[in-house]
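Below, each chain spelled out in residue letters.
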Amino acid sequence: MTASPVLNVIDSAGPAREAALVLVVGNPNTGKTSLFNRLTGMRAKTANYPGITVDLRRARLHLPGRDIELVDLPGLYSLDALSPEEQVAKSALLGELDRLPTPAAVLLVLDATQLERNLFLASEVLELQHPTVVALNLIDAADDVHIKIEVDRLATELGCAVVPVSARTGRGLDDLRQTLGRTISRELPVLQREHPSCTVGCHGCTYSARYEWAERITDGTVQKPESTGQHSAFIDRVLTNPLLGVGAFLGLMLGVFYLIFSLADVPMTLIDEGFGRIASAVDALIPTQPVNRWLWTPVVAALTFAVTGLGYRIAGIRWTSGWLAFAAVTSGLVAVLPAGDFRSLVVNGVIGGVGGVLVFLPQICLLFFFICLLEDSGYMARAAFVMERLMRKVGLPGKAFVPMLSAHACAIPGIMAARVIEDWRDRLVTILVLPLLTCSARLPVYAMVAALLFSDSPAKAALVFVGAYLLGIVAALLTAFVLKKSILRGETVPLVIELPPYRRPSLRNALLTVYDRSSVFVQNAGSIILLISVVLWALATYPKLSEDHLPAEQAAEVAALRVTAETLSGEEADGLYQEADQLVAQAVLAHSFAGRLGRFVEPVFRPLGFDWRINVGVISSFAAREVVVSTLAIMYGMGEDTEGSPLVETLRRQQRPDGSRVFNTATCLSLLTFYVLAMQCLPTQAVTKRETGSWKWAFLQLGYMTLLAYAAALIVYQTTTALGYA
Amino acid sequence: MIALSQMTPGNAVCRHVDGAGSHATRLKRLGICVGRTLEVVQAGDPMILRVVGARIGLSKQLASLVTVEPSANTGSDALADGPATSMQ
């Protein structure tokens with residue numbers, strides 16, 4: 001560091017109590033986010049700004065002298081702002097972002113191994129005349145390849161403090177904090193700097209001028225050996241080869257998917273069992289005997305209010321009068337529920353509904369984790385590079401491939417990973433088609449249909465899966481093609497991408513990213529999932545049908561079963577009692593709004609070969625598609641917990657009023673087609689809304705997917721019926 | 001003077017970048033601008049360049065916007081995925 005000449009002293013007597021805003025700026029691949037994570041650790045939060053779809057991570061830091069608010073801006077190559085992320089970074093730097101004050105200082109992160117290139121952005125940022133501290137990151141990597149930088153001289157040239165640091169080892173971080181603290185709390189020197197865009201030989205091209213300036217400064221301050229980057233060059237000869245590269249990429253992705261599915265298995269089982277245990281614990285906790293109304297009502301009201309408040313807190317909803325009224329009305333309604341209904345609401349509605357979605361969280365986290373590792377290692381850029389030519393054929397950039405692949409485990413990480421696509425239109429198209437790809441929540445449905453069609457032949461059943469996956473992929477690519485030709489018309493932005501040197505990814509970074517992104521998911525989807533779970537529970541529960549009012553036929557059947565059961569003992573009796581209970585559950589669901597809705601929409605779905613019971617399944621799986629399996633189990637009198645084959649056997653026996661089978665080949669194929677293509681996932685919708693900044697795109701997604709699913713299932717059913725497979 | 005898209009591996013100096021829109025900006029800000037030395041590391045679509053110390057993947061469509069003047073020593077050692085073009 002040098003004592004640079006102080007030419008301009010700004011009085012820092014601004015709003016002293018507020019933490020000073022410090023923006024972290026730098027090129028992509030400079031380890032900027034690693035440095036931010038090193039400085040802030042778990043204190044960092046993703047700020048949710050209405051109207052901004054770009055994530056800004058921020059954290060408050062105690063520095064000697066003053067507290068600062070450190071904000072990690074998205075990486076950018078220049079202030080031209082060609083992507084939404086760069087636009088936000090630029091606006092923040094210019095103090096034009098409504099939600100952020102003018103920055104008190106800028107922490108400019110430069111890659112010591114790529115100084116000349118990084119100085120391009122530096123020249124633009126320094127011209128903004130904010131008090132600036134340069135963090136010369138990756139200094140250990142520079143040492144390793146014998147790059148020597150004269151830090152003092154660089155500081156003089158740039159006119160600001162320069163601190164060599166290594167985010168990986170933590171070297172220089174104390175110095176960096178000290179320097180930042182001094183820059184902000186002391187006299188805030190703003191230094192006279194040269195303006196490369198005007199002072200250095202202009203060819204009328206500011207870019208050239210800046211690069212000439214960068215070259216001049218690097219020549220004077222950096223000594224490096226003749227050759228660097230051999231190691232990356234060697235690996236790249238394989239990984240960017242048109243054939244080997246694609247092969248390597250597919251192999252790697254296959255490995256990642258294998259890891260995701262095998263690693264996620266244990267936590268998914270744990271979550272599933274955990275929620276089951278919570279449900280039974282809560283079930284046992286709720287008194288079965290009538291409780292004093294005066295005690296019950298306030299306690300339940302307070303509990304509901306607390307849960308609603310928790311939901312608001314997670315979703316970041318403020319307590320406006322409208323939301324307060326909503327919480328109060330909800331609490332009042334829940335408090336007057338009979339104890340039995342309350343039990344069912346808590347156990348089936350809330351715990352069951354939330355658990356059903358959270359069970360996918362391990363897969364989501366693992367995907368975030370691997371995507372982050374691949375990005376940090378520098379490999380992602382190569383993947384985009386090798387997939388570019390293939391993807392261009394459907395009008396999407398190469399960078400869309402990794403999101404599309406991720407969506408085969410879960411659409412949510414895929415949609416978030418679409419942020420790497422700079423062009424807004426390309427990104428939007430990718431997001432819109434991602435949910436068509438087969439995610440793991442569809443697998444239970446595929447498994448059911450495959451078993452219905454070919455329980456005798458595993459090979460044929462496997463064909464069902466392959467067909468469903470292919471249908472999803474073809475539908476996604478065709479839809480992307482059509483969208484690019486119609487409402488999101490525009491040229492696909494051709495590839496120009498930095499292929500950063502390969503680096504060992506940081507586990508710490510990956511874990512923080514997982515934490516960060518999964519909290520974003522829970523925040524955005526959590527409260528909606530809760531709300532819809534309760535609504536769907538209510539639809540399936542009300543209006544209630546007490547056992548005394550069962551339709552005559554079922555009442556007789558139930559009574560007969562119970563009478564027989566009384567004459568027996570042990571397992572046989574239990575079995576009959578259970579069968580009777582299942583009959584009751586079936587009648588209750590048929591009587592509910594959901595059941596009535598299923599009958600009401602029967603004419604709509606009849607051309608697809610669905611009967612009203614299947615319709616109830618379709619309705620109940622509106623928020624989460626895998627629910628259809630358990631709903632069908634109830635609708636066909638199987639009880640909820642039935643595993644695979646007995647359900648399939650029962651379903652196969654079902655007959656239509658005319659005596660034909662309900663689940664014939666045509667209906668099975670039509671049902672499969674419908675579930676491949678239909679939206680049926682509220683968390684995905686919530687994330688689409690978040691990433692695109694508007695419900696408009698989420699509704700468009702829902703609309704076109706529903707129409708597509710309906711039309712395709714209609715064609716499949718009518719064709720197969722006409723061919724005689726009914 | 002030839003279009004960058006026609007280059008075989010080797011060095012060239014960038015003489016002109018066509019167009020004014022965001023395509024040209026994308027190129028220029030990564031160092032593909034007048035006066036910089038561009039080293040074609042791997043030809044094809046997309047191609048790999050080495051510019052200002054970094055490797056850049058570039059589609060043919062964009063490469064055709066760039067006019068370059070191949071350096072004299074281009075050709076024989078073209079396939080060598082060579083040392084960084086030193087700017088010093």
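Residues numbered from 1 in each chain as written. Chains lettered and ligands numbered in written order. Predicted model: local features only at pLDDT ≥ 70, side-chain atom pairs only at ≥ 80, totals over all residues. Heavy atoms only, no water.

Undergrad: For the overall build of chain A, give the residues involved together with the corresponding values.
TA: From N to C terminus, chain A includes 31 helices and 12 strands. When the 726 residues of chain A are sorted by exposure, 53% land in the buried category. Put simply, 75% of the contacts in chain A that link residues at least 6 apart link residues at least 24 apart. For chain A, the accessible area works out to roughly 31800 Å², and carbon and sulfur atoms hold 63% of it. The positive charge centre, built from 60 side chains, and the negative charge centre, built from 64, are 4 Å apart in chain A. (Helix = DSSP H or I, 4+ residues; strand = E, 2+ residues; numbered from the N terminus. Buried < 20%, exposed > 50% of the residue type's maximum accessible area, 1.4 Å probe, protein only. Contact = heavy atoms within 4.5 Å. Areas by Shrake-Rupley, 256 points an atom, 1.4 Å probe, with all protein chains shown as cover. Lys, Arg positive; Asp, Glu negative; His and termini not counted. Charge placed at Lys NZ, Arg CZ, Asp CG, Glu CD.)

Undergrad: I'd love a proper account of the pairing of strand β6 (residues 66–70) of chain B, names of residues and values included.
TA: Remark: a regular strand shows side chains that alternate across the two faces of the sheet. Pairing of strand β1 (residues 2–3) of chain B with β6(B) involves two bridges; the strand directions are antiparallel. What sits directly across from B:Ala3, in β6(B), is B:Thr67. (Pairing = 2+ DSSP bridges.)

Undergrad: Just give me the short version of the interface of chain B and chain A, but keep the residues and values in it.
TA: In many analyses, interface size is given as the accessible surface area lost on bringing the parts together. With 36 residues of chain B at the contact, the number on the chain A side is 41 residues. Both sides together, the interface formed by chain B and chain A hides about 3600 Å², and carbon and sulfur atoms give 53% of it. Considering only the side of chain B, the residues that lose the most area to chain A are B:Arg26, B:Arg29 and B:Arg55, jointly responsible for 21% of the buried surface there. Seen at the junction of chain B and chain A, the total is five salt bridges. Residue A:Glu86 is joined to B:Arg29 by a salt bridge in which the shortest nitrogen-to-oxygen separation is 3.0 Å. Summed over the shared surface of chain B and chain A, the result is 19 residue pairs in polar contact (both at pLDDT 80 or more). Of all the elements in the fold, those that place two or more residues in the side of chain B that touches chain A are α1 (22–29), β4 (47–51), β5 (54–58) and α2 (60–63) of chain B. In terms of residue count, α1(B) provides more of the side of chain B that touches chain A than any other element does, seven residues in total. Among the residues making up the side of chain B that touches chain A, the classes are represented as 16 nonpolar, 12 polar and eight charged. Alignment of strand β12 (residues 496–499) of chain A against β5(B), held across four bridges, turns out to be antiparallel. Across the sheet, A:Val496 pairs through a bridge with B:Leu58, a residue of β5(B). (Buried area = accessible area lost by both parts, 1.4 Å probe. Salt bridge = Lys/Arg side-chain N within 4 Å of Asp/Glu carboxyl O. Polar contact = N/O pair within 3.5 Å; in protein donor to acceptor, adjacent residues only side chain to side chain. Nonpolar A, V, L, I, M, F, W, Y, C, P; charged D, E, K, R; others polar.)

Undergrad: Account for the nonpolar core, naming residues and giving values.
TA: Residues and elements named next belong to chain A. Of all hydrophobic cores here, the largest spans 129 residues; its most connected members are Phe249, Phe521, Ile614, Phe663 and Phe674. The element contributing the most residues to this core is helix α14 (residues 361–377), with 12 residues. Discounting chain neighbours no more than four positions away, the residues touching phenylalanine 663 are Leu452, Ile614, Leu632, Tyr636, Leu651, Cys668 and Leu671. Listed in part, the 41 residues of the second largest apolar core include Ala89, Ala112, Val151 and Val222. (Core = buried A, V, L, I, M, F, W, Y, C linked by side-chain atoms within 4.5 Å.)

Undergrad: Just give me the short version of unusual backbone geometry, but keep the residues and values in it.
TA: With omega at -10 degrees, the peptide bond leading from A:Tyr542 into A:Pro543 counts as cis. Mapped onto the elements of the fold, A:Pro543 is located in the loop between α21 (507–541) and α22 (552–567). The amide bond that connects B:Asp45 to the next residue, B:Pro46, takes the cis arrangement and shows omega of -5 degrees. Tracing the chain through its elements places B:Pro46 in the loop between β3 (37–42) and β4. Even without glycine at this site, A:Gln129 takes up a positive phi of about 65 degrees. Among the secondary structure elements, A:Gln129 is positioned in the loop between α3 (115–126) and β7 (132–137). Backbone geometry places A:Leu138, a non-glycine residue, at a positive phi of 65 degrees.

Undergrad: Break down helix α13 (residues 339–358) of chain A for me, with residues and values.
TA: Residues and elements named next belong to chain A. Taking 1.5 Å of rise per residue, the 20 residues of α13 would be expected to cover 28 Å, and the 27 Å separating its terminal C-alpha atoms lies within 8% of that figure. At glycine 352, α13 shows its largest bend, some 30 degrees. Every buried residue of α13 is accounted for by Asp341, Phe342, Arg343, Ser344, Leu345, Val346, Val347, Gly349, Ile351, Gly355 and Val357. The elements touched by buried residues of α13 are α10 (244–285), α11 (293–315), α12 (321–335), α14, α21 and α30 (682–692). (Expected span 1.5 Å × (residues − 1). Bend = angle between axes of the 7 residues up to and from the residue.)

Undergrad: Outline α10(A), supporting the account with residue identities and numerical values.
TA: Within an α-helix, residues lying three or four positions from one another point in the same direction, as the helix has 3.6 residues per turn. Residue and element names in this part refer to chain A. Taking 1.5 Å of rise per residue, the 42 residues of α10 would be expected to cover 62 Å, and the 60 Å separating its terminal C-alpha atoms lies within 8% of that figure. Along α10, the sharpest kink reaches roughly 35 degrees, centred on aspartate 265 and followed within four residues by the proline proline 267. When we look at burial in α10, the residues that qualify are Gly245, Val246, Phe249, Met253, Val256, Phe257, Ile260, Ala264, Met268 and Ala279.

Undergrad: Report on the packing of helix α23 (residues 570–591) of chain A against helix α27 (residues 627–635) of chain A, specifying residues and quantitative values.
TA: Residues and elements named next belong to chain A. Where α23 meets α27, the closest approach of the two axes is 8 Å, and the angle between their N-to-C directions is 110 degrees. In terms of their interaxial angle, α23 and α27 are classed as roughly perpendicular. The segment α23 lies against α27, with Ala585, Gln586 and Leu589 engaging Thr631, Ile634 and Met635. A per-class count over the contact of α23 with α27 returns four nonpolar, two polar and no charged. (Axes fitted to C-alpha atoms, helices over the stretch in contact; angles between N-to-C directions. Parallel < 35°, antiparallel > 145°, perpendicular 65-115°, else oblique.)

Undergrad: Please provide a residue-by-residue account of the environment of A:Val359, values included.
TA: Tracing the backbone shows A:Val359 in the loop between α13 and α14. Spatially, the C-alpha atom of A:Val359 lies 41 Å from that of A:Leu110, the residues being 249 residues apart in sequence.

Undergrad: Describe in detail the confidence of the model for chain A, supporting the description with residues and values.
TA: Residues and elements named next belong to chain A. Averaged over every residue, the pLDDT of chain A is 85; the share at 70 or more is 92%. Mean pLDDT across the elements of chain A ranges from a minimum in strand β1 (residues 8–9), with 30, to a maximum in helix α31 (residues 695–722), with 96. Every residue in residues 1–16 is under pLDDT 50, and counting partners more than four places away or in other chains gives 29 contacts. (pLDDT = per-residue confidence, 0-100.)

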